[in-house]
Each structure stands twice: as structure tokens, then as C-alpha cells.
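Read off the chains here:
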Amino acid sequence: MRELGAQPDGMTPPVDPVLLLVGAGHAHLGVINDWRKEGPPSGRTLLAEPLEAMLYSGMVPGWIAGEYRASELAIPLAPLVEEAGLEWYRARLVRIDPEARIAHLDNGEMLAFDICSIATGGAGQASDVLGADKRLLDIRPLSGFIGHWQALRESEPPHPRIAVIGGGAGGVELAFGFRNSTHWRDCSVTLVTGSSGLLPEHAAAVRERAAEELEAQNIAVLREDAAVRDGNLMAGEHSLEPLDLIAAAVGSGAPDWPAASGLPVDDDGFVQVDEHQRVCGFEHILAAGDVARRSDRAVPHSGVHAVYTGPVLAKNLRRMLAGKSPRRSYSPRFMDFYLLNTCRGESIASYRRFGLQSRWLRRVKDWLDTRWIRRFTRPAGR
């Protein structure tokens, strides 16, 4: 391939550069939306993504509780790809050659690129953390979680018993969602937070409100580490059996292919990137979202951060495709605002040291979530 790289501003840009977008995660949806609204940059933009539609994680607990239809969580890719002028390869990346600038797909195709951007999301790690169990349902990848829950929910046990593993926002909302499920009615739900406790990254006021709501919904909370031993789910030394479902929200793991491809990864296997999302040591490759980890500052793996990284990534890619150096950097300041869905008509707001719960906050959350979906499901001109 041509030597593209970042050139000093003002130099003649390369002719017909090829940009490869690997995955249509939240950050890349921002790039695709920029292309469709502002027009694609010069050259070709390829997309490697096997799924027909992307799913928004923020509405999943509400979907479990019957507040949304599955279609309302989905962002179909075909209209976006057409409006943005992308070339779509419906396949999954299995390996990348960063030196030769070749991407290998699971259907045997190889794609050459000048610049590559990766936003595939993280990998499920529930079985690695907890141990293997046929009842285990990992929130990651989200498409697998939704498909498996749709299959499971058709046969309701007489007295559904569910354990949700993970004390972060994702685990808390899942517990609320299952407790109010319209398919497995009157579920018995136990939330196993781990030794770090309930919502450890949130303020005391938020933890207090969440604890009160969990108690009000008769959701038991165990501050123990969970593990599968001899076919039994244990919380510390106590068995939680019998159980019908073990739902896990234990964080994002790293996929194997970045390290196997020779990309720099940290101790957890996540691709190391700089302040401009460039892969360290490979300035023609960028990565964002749960597959990546910033080397200059801590940015939590969260959908909200991937969403806000998208527009920054789009501007940097435009500059790089024009032969210029990237300038933008995503800062998570003031982006630590969360709205937790209780799945009973209210939301709990978490912002810095403040915690507040009300019905109007639930309406705010619904407005924010549906507005984000509409950004990608309405024609670009509207």
C-alpha cells in the first residue's frame, strides 16, 4: 500500500486513500453519521461488520421489562451504509497485518487499507470470571445476549429464579429489568455485587438510593464474589441454588485477535491508544470503545464514552485522510452523568456526589435514549 501517514498541514493530500472501519460499534456509528451528514471524505471507506443492525445497550433493561420492543433498540446498518457511501463487507475481522496493512476476514477475504479504525467492542468474559455453566448468560456481546434471552423467555419456569452477577450500573439495571420482566413474571432475583459492593464507582447518595430501590423491589443483594463450583453458583461460601438463569454483567474482556496480530496491548489485552485514539506505534491504525484503552488517561469502558468518542474520531479521521495530523482528543470530563432505569417508571440520576430519583428523570432517560436512536434511523437531511 501507499505510504500515507500524517503529513504536515498544507501538503498535497494522498489520492484516493482507503479507510477501513472494523466494526460498527458506538464510536463508529458516530463516524458513519458524520459521513452521511457532512459527506464522505475523499477516497474509499470500507466497513467490515457481520451484523445487519447494531443494538443500543442503554435500553436493554427496559426491553427486558417490556418498556420497549426489540426493534426500538436496533439501528439498521443498510440505510446508514448507503447514505454514507460505504462499501460494506458482512464479515468479522479475525486478524490484521499492521505492517502490510491487510485485514483478514472470517469469510476468507482480505482487505487492503491505508488507514484502519477499530471499534468492535469488547469480548464476553463471564465464563472466564465465574466458570462455565449452561445457564450463564453474558451481557457481552449484546447481540448474543438478546438472542439467547429471546429464546429462553418463551418457556417460563414455574417460579423463575435469577442471579445477576455484577454490582456496577449494568448489573443493577439488569436486576431491575429481570425483576419486572413481562415474560418470566414475578422473578426471584438476587444481585451478587462482588466484594467491591454496590455501584462502587458512584457516590454514596446514589448507592443509597439504589439500595433502597433494590430492597423495595425485593431484590436480594449479596456483597460476595460469585463463582461456579461443581455445577453450583456460589456467593462466597454460600450456594445460591436452585437457579434458572445466571445473568452476568462483569465488564468487558479483550478479544484475542489484537495481541495475536501484533498490536500493542496492555496487561488485560486491550489495544493501547494515544490521546488521538491512534494505536501506539502504528499511527495509521486507530481504535476506540471497549476494544481499546487510552495510554494517556483513564477512560472507563462504557457506552456513553464510546458515543462521545465517535465525533472526535470522525474529525481525526477526516484530517488523516487529507494527509494532516489529528488534533482532537476525547475528554471524559462532565460525561460521568448516568441515569439508571428502575424499570418501574423512575430513574436514578448519578452525577458526581449527587443522587436523585424521580419519574421525570425516567422521562429524561427515555428522551435521551430514543433521541440517540433517531440520530441514525432518520434520513440524514432531516
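This text follows the structure it describes.
Notes on the structure follow. (Residues numbered from 1 in each chain as written. Predicted model: local features only at pLDDT ≥ 70, side-chain atom pairs only at ≥ 80, totals over all residues. Heavy atoms only, no water.)

1. Comments concerning the side chain of R153
Okay, step 1: The topology assignment puts R153 in the loop between α5 (142–152) and β11 (161–165).
Okay, step 2: Using a relative accessible area of 15% as the deciding quantity, one classes R153 as buried.
Okay, step 3: Engagement of the side chain of R153 in a polar contact is seen with the side chain of H183, the distance being 3.4 Å.
Okay, step 4: If we skip the residues at most four places from it in the chain, R153 touches W63, H183 and W184. (Helix = DSSP H or I, 4+ residues; strand = E, 2+ residues; numbered from the N terminus. Buried < 20%, exposed > 50% of the residue type's maximum accessible area, 1.4 Å probe, protein only. Polar contact = N/O pair within 3.5 Å; in protein donor to acceptor, adjacent residues only side chain to side chain. Contact = heavy atoms within 4.5 Å.)

2. Some remarks on helix α9 (residues 303–321)
Okay, step 1: For α9, which comprises 19 residues, the first-to-last C-alpha distance of 26 Å matches the rise-based estimate of 27 Å (1.5 Å per residue) to within 8%.
Okay, step 2: The largest bend in α9 is about 30°, located at G310, with the proline P311 one to four residues further on.
Okay, step 3: Of the residues one or two after α9, G323 is the one with positive phi, at around 80°. (Expected span 1.5 Å × (residues − 1). Bend = angle between axes of the 7 residues up to and from the residue.)

3. So, the packing of helix α1 (residues 26–38) against helix α10 (residues 359–377)
Okay, step 1: Relative orientation of the contacting elements α1 and α10 amounts to 50°, with a least axis distance of 10 Å. In terms of axis orientation, α1 runs oblique to α10. Crossing angle aside, the handedness with which α1 passes α10 is left-handed. Of the residues in α10, those touching α1 at H26, L29, G30, N33 and R36 are W372, R375 and F376.
Okay, step 2: Of the residues belonging to the contact of α1 with α10, the class tally is three nonpolar, three polar and two charged. (Axes fitted to C-alpha atoms, helices over the stretch in contact; angles between N-to-C directions. Parallel < 35°, antiparallel > 145°, perpendicular 65-115°, else oblique. Left-handed = near helix turned anticlockwise from the far one by under 90°. Nonpolar A, V, L, I, M, F, W, Y, C, P; charged D, E, K, R; others polar.)

4. Quick notes on a positive patch on the surface
Okay, step 1: A cluster of basic side chains, namely K37, R371, R374, R375 and R378, defines a positive patch on the protein surface.
Okay, step 2: Among the elements that line the positive patch, the one with the most residues is α10, at three residues.
Okay, step 3: Along the polypeptide, K37 turns up in helix α1. (Patch = residues over 30% accessible without salt bridge, like charges linked within 9 Å, V, L, I, M, F, W, Y side chains within 5 Å. Areas by Shrake-Rupley, 256 points an atom, 1.4 Å probe, with all protein chains shown as cover. Salt bridge = Lys/Arg side-chain N within 4 Å of Asp/Glu carboxyl O. Lys, Arg positive; Asp, Glu negative; His and termini not counted. Charge placed at Lys NZ, Arg CZ, Asp CG, Glu CD.)

5. Concerning the pairing of strand β14 (residues 226–229)
Okay, step 1: Taking every second residue as pointing to the same face, the buried face of β14 carries A226 and V228, while none of A227 and R229 on the other face is buried.
Okay, step 2: Both β14 and strand β15 (residues 232–235) contribute to a ladder of four bridges, which runs antiparallel. The partner of A227 across the bridge, within β15, is M234. (Pairing = 2+ DSSP bridges.)

6. As for the packing of α1 against α9
When two helices pack together, their arrangement is given by the angle between the helix axes and the distance between those axes.
Okay, step 1: For the pair α1 and α9, the least separation of the axes is 6 Å and the interaxial angle reads 50°. With respect to α9, the axis of α1 lies oblique. Crossing geometry of α1 relative to α9 is assigned as right-handed. Where α1 approaches α9, its residues H26, A27, H28, G30, V31, D34, W35 and E38 are matched on the opposing element by G303, A306, V307, G310, L313, A314, L317, R318 and L321.
Okay, step 2: The residue makeup of the contact of α1 with α9, split by class, is nine nonpolar, five polar and three charged.

7. Remarks on the sheet that holds β15
Okay, step 1: Taken in spatial order, the three strands make up an open sheet running β14-β15-β16, and their pairing is antiparallel. The two strands at the open ends of the sheet, each matched to only one other strand, are β14 and β16 (238–239).
Okay, step 2: Bridge analysis of β15 against β16 gives two bridges, and the strand direction is antiparallel. Residue pairing in the sheet places A235 in a bridge with H238 of β16.

8. Describing the packing of aromatic side chains
Each aromatic ring pair is summarised here by two numbers: the centre-to-centre distance and the angle between the ring planes.
Okay, step 1: Taken as a whole and assessed by the stated rule, the structure comprises five aromatic pairs.
Okay, step 2: Note on W149 and F178: the rings are 5.1 Å apart at their centroids and 80° apart in plane angle, and the pair reads as edge-to-face. Placement of the pair is W149 in helix α5 and F178 in helix α6 (residues 169–179), with a sequence separation of 29 residues. With respect to class, W149 is no different from F178; both count as buried.
Okay, step 3: Measuring from ring centre to ring centre gives 5.2 Å for W149 and W184, while their planes differ by 70°; the resulting arrangement is edge-to-face. Placement of W149 in helix α5 and of W184 in the loop between α6 and β12 (188–192) is noted, with a sequence separation of 35 residues between them.
Okay, step 4: Following the ring pairs from residue to residue traces out a cluster consisting of Y56, W372 and F376. (Phe/Tyr/Trp six-rings, centres within 6.5 Å; stacked < 30°, edge-to-face > 60°.)

9. Digging into the nonpolar core
Okay, step 1: In terms of nonpolar packing, the biggest core is built from 68 residues, with W35, F145, V164, F178 and L317 touching the most fellow members.
Okay, step 2: At six residues, the largest contribution of residues to this core is made by α9.
Okay, step 3: The contact partners of F178, leaving out residues within four places of it in the chain, are I64, F145, W149, I162, V164, W184, C187, V189, L245 and A247. (Core = buried A, V, L, I, M, F, W, Y, C linked by side-chain atoms within 4.5 Å.)

10. Structural notes on the pattern of salt bridges
Okay, step 1: Within this structure, the stated rule accounts for 18 salt bridges.
Okay, step 2: Of the charged contacts, one joins R293 and D266 as a salt bridge, the two residues approaching to 2.8 Å between their closest N and O atoms. Remark: D266 occurs in the loop between α8 (257–260) and β18 (271–273) and R293 occurs in strand β21 (residues 292–294); sequence separation between them is 27 residues.
Okay, step 3: Put simply, D369 and K365 hold a salt bridge, and the shortest N to O gap is 3.1 Å. One end of the pair is D369 and the other is K365, both in helix α10 and four residues apart, which spans about a single turn.
Okay, step 4: Accessibility expressed as a relative area gives 7% for K365, which makes it buried.
Okay, step 5: Several salt bridges converge on common partners, so that one network encompasses D133, R135 and E241.

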